[in-house]
Amino acid sequence: MKLNPIALLVFIGCAGFAASQTITDPAHIEVYVTPYYNSKGQAVDVGPFSSGLAAKSEPEFVATISKMKQSWATLNFAEVYVAAIRLYDLGFRKESIYWFYSAQYRGRLLGTLIDQEKMGSMGDPGFELFQAQNAFQQLVGPYINGYAFGDIDQLIPIIERVRKEGKVVPDLTKIYPRVTFKPKSEWDAGNKGLNDGLTKLLMTLKAQKASIKQQRIEHGMEAKFSKLPSKELPKGSAP
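Below or above, wherever it landed, is the structure these notes cover. (Residues numbered from 1 in each chain as written. Predicted model: local features only at pLDDT ≥ 70, side-chain atom pairs only at ≥ 80, totals over all residues. Heavy atoms only, no water.)

Some words on the side chain of S96
In step 1: Here S96 shows up in helix α5 (residues 93-113).
In step 2: At 2.6 Å, the side chain of S96 and the backbone oxygen of R93 are in polar contact.
In step 3: Filtering out sequence-adjacent residues up to four positions away, S96 remains in contact with A84, L87, Y88 and I144. (Helix = DSSP H or I, 4+ residues; strand = E, 2+ residues; numbered from the N terminus. Polar contact = N/O pair within 3.5 Å; in protein donor to acceptor, adjacent residues only side chain to side chain. Contact = heavy atoms within 4.5 Å.)

Written as structure tokens, this is what we have:
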């Protein structure tokens, strides 16, 4: 399950959205990934940080992001995806890019290293997590990439940072204790394929910057996302 950088560029970076997905408000991510997040009613269920991520009070939310930063190495992909969504919605959009790509990497890592023969079926933890990482990626990607690909010079160092941090494989059995993974002897090779995919994506971004810009204009992405503002997180809140 390697990252296909060209497909990623065309599908969610430049061209647009999943076939069933219509973005009416580019400033607000409308997604539902059961049971982790529902934009309607602001329902969050990802563990101990849930209430803080759903908080209507910006200071409470920012404090939660700061706490998550302190536990960065052990956060699961759902926690990081929901944080990315909320960062985006609350206007911390540049910061949301980093959290989104980190979440995407963590989700893909689970998808790559999970033992698919032992992940069970609907209702089983492994199966549900495997499906959820796909859903988050497909549903959240069009929004955050729609914004992120508007400034390739800003995006490149963010992806480089995620790629660098992804070189070390965390202990997935502690992060996802109810999931059966492939033997640890296979983890480094699986992660290398994922990491190499980001390297290829970076090369593509650097080589095709002008083409990406033109495609965004042609598909209406530039008009939809280019005027969205972004504010900085208070000092000490960003990982």
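After that view of the structure, there is still more to cover.
A few points about helix α3 (residues 58-70)
Spacing of three or four residues puts side chains on the same side of an α-helix, whose turn is 3.6 residues.
In step 1: A rise of 1.5 Å per residue sets the reference length of α3, with its 13 residues, at 18 Å; its end C-alpha atoms lie 19 Å apart and thus fit the reference within 8%.
In step 2: All of the buried residues in α3 are F61, V62, T64, I65, S66 and M68.
In step 3: For α3, the elements touching its buried residues are α2 (50-54), α4 (77-89) and α5. (Expected span 1.5 Å × (residues − 1). Buried < 20%, exposed > 50% of the residue type's maximum accessible area, 1.4 Å probe, protein only.)

A few points about the environment of L75
In step 1: Among the structural elements, L75 can be located in the loop between α3 and α4.
In step 2: Separated by 100 residues in sequence, L75 and I175 have C-alpha atoms that sit 7.0 Å apart.
In step 3: Leave out the neighbours within four places in its chain, and L75 touches F49, M68, V80, W99, R106 and I175.

Everything listed is a geometric property; what it means functionally is a separate question.
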